Amino acid sequence: MDDFYEKAASFLEQQIELYGDELVMEVAAHNPDAREGSDRDADEWRQSTSLIDLEKQISACRKCALYNTRNKFVFGSGNPNADIVLVGEAPGADEDRLGQPFVGRAGELLTKMLAAIDLQRSSVYICNILKCRPPQNRDPAPDEIVACKPYLMKQLQLIRPKIIVCLGRIAAQVLLETTDSLSRLRGQIHRFNESELHILYHPAALLRNPSLKRDAWEDLKRIQRSLLELKVK
Ligand code: SF4
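Residues numbered from 1 in each chain as written. Predicted model: local features only at pLDDT ≥ 70, side-chain atom pairs only at ≥ 80, totals over all residues. Heavy atoms only, no water.

## Details of the pattern of salt bridges
According to the stated counting rule, one finds 10 salt bridges in the structure shown. For aspartate 43, the salt bridge goes to arginine 46, with nearest N and O atoms at 3.4 Å. Between aspartate 215 and arginine 186 there is a salt bridge, with its nearest N and O atoms 3.7 Å apart. In this pair, aspartate 215 is assigned in helix H11 (residues 213–229) and arginine 186 in the loop between helix H9 (182–185) and strand S5 (190–192), connecting sequence segments 29 residues apart. Looking at aspartate 215, the relative accessible area reads 30%, which means it is partly exposed. (Salt bridge = Lys/Arg side-chain N within 4 Å of Asp/Glu carboxyl O. Helix = DSSP H or I, 4+ residues; strand = E, 2+ residues; numbered from the N terminus. Buried < 20%, exposed > 50% of the residue type's maximum accessible area, 1.4 Å probe, protein only.)

Following this line, the structure appears as structure tokens:
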């Protein structure tokens, strides 16, 4: 038996010398059980039954390159049983520093916008398409959206809101799976599965361009009418 182990060890050493780690890759490729096992482990978060559990499962995510540059993973915050969920595109510098969505000036404006239609921030749930900040606040890249969107889908599945409000063009395009411009998309009520989907300008855009505030007020009033019709508290 010793002879067998010696021969096996010498064979493996020879293979590693010749092919490096490729041998290991090849074993996995020819062993569907091994691959399925690793996929199963990687996808355990899909079985989460609460937001707390989901956050715990994915907070160390490395599915895209943004894990390299993030300071804090920004899962989302608010009422886990909310009837209304607001979705932005990605954390900014303040969010990345504090690990919370929509803080800083844009967050303050969002809180005021909600208050204008009698919504407390603590009664809604707020999150983003991406959970990690893109460097220099650039737009999310397509591969980052593909990697991170399933987490948002799971959040929405767990919360089951009556109304989803997309904050800005990117959130709207990603959830509606369209490349239509924001000006074509806003001003109407869309559907997303069982939820109504509304679109608001991103608060950061309103800070940069106050002339958009008149349209934003119209959008807020439309949301308020839906809140009353759907008896959202
Ligand atoms: S952005 Fe999303 S997919 Fe990328 S590392 Fe962060 S949590 Fe993972």
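Okay, back to it.
## Some remarks on the site of the ligand
Surrounding the ligand, one finds Cys61, Lys63, Cys64, Tyr67, Arg70, Phe73, Lys131, Cys132, Ala147, Cys148 and Tyr151. Split by residue class, the shell around the ligand holds eight nonpolar, no polar and three charged. (Near = heavy atom within 4 Å. Nonpolar A, V, L, I, M, F, W, Y, C, P; charged D, E, K, R; others polar.)

## What to know about the sheet that holds strand S1 (residues 77–78)
Reading across from one edge, S1-S3-S2-S4-S6-S5 is the order of the six strands in this open sheet, with mixed pairing throughout. Strand pairing shows two members of the sheet lacking a second neighbour, S1 and S5, which therefore form its edges. Two elements, S5 and strand S6 (residues 195–200), share three bridges in a ladder whose sense is antiparallel. Bridge pairing links histidine 190 to leucine 197 in S6. Those strands touched by H11 are strand S2 (84–88), strand S4 (163–167) and S6, and its axis lies near 160° from that of S6. (Pairing = 2+ DSSP bridges. Contact = heavy atoms within 4.5 Å. Axes fitted to C-alpha atoms, helices over the stretch in contact; angles between N-to-C directions.)

## Observations regarding the pairing of S4
Both faces of the sheet carry side chains from a regular strand, because those side chains alternate between them. Counted residue by residue, S4 has five buried out of five residues, so it is predominantly covered. By the alternation rule, side chains of S4 split into Ile163, Val165 and Leu167 and Ile164 and Cys166, which are all buried. As judged from the four bridges shared by S2 and S4, these two strands associate in the parallel manner. Bridge pairing links leucine 86 to valine 165 in S4. The sheet contact formed by S4 and S6 spans five bridges and is parallel. Bridged to isoleucine 164 within S6 is leucine 197.

## So, the packing of aromatic side chains
Inspection of the entire model under this criterion finds two aromatic pairs. With 4.8 Å between their ring centres and 80° between their planes, tryptophan 45 and tyrosine 151 make a pair best called edge-to-face. One end of the pair, tryptophan 45, is in the loop between helix H3 (32–42) and helix H4 (51–58); the other, tyrosine 151, is in helix H7 (residues 142–159), with 106 residues separating them in the sequence. Of the two residues, tryptophan 45 and tyrosine 151, neither departs from the other in class, the shared state being buried. With 6.3 Å between their ring centres and 25° between their planes, phenylalanine 73 and phenylalanine 75 make a pair best called stacked. (Phe/Tyr/Trp six-rings, centres within 6.5 Å; stacked < 30°, edge-to-face > 60°.)

## A look at the packing of H4 against H7
Close contact between H4 and H7 brings their axes to 10 Å; oriented N to C, the two are set at 165°. It follows from the interaxial angle that H4 and H7 lie roughly antiparallel. Between H4 and H7 the crossing geometry is right-handed. Facing Leu51, Leu54 and Ile58 of H4, the residues of H7 in contact are Tyr151, Lys154, Gln155, Leu158 and Ile159. A breakdown of the residues in the contact of H4 with H7 according to their chemical character gives six nonpolar, one polar and one charged. (Parallel < 35°, antiparallel > 145°, perpendicular 65-115°, else oblique. Left-handed = near helix turned anticlockwise from the far one by under 90°.)

## Regarding the side chain of lysine 149
With respect to the helices, strands and loops of the structure, lysine 149 is situated in helix H7. Judged by its relative accessible area of 16%, lysine 149 is buried. Discounting chain neighbours no more than four positions away, the residues touching lysine 149 are Val174 and Glu177.

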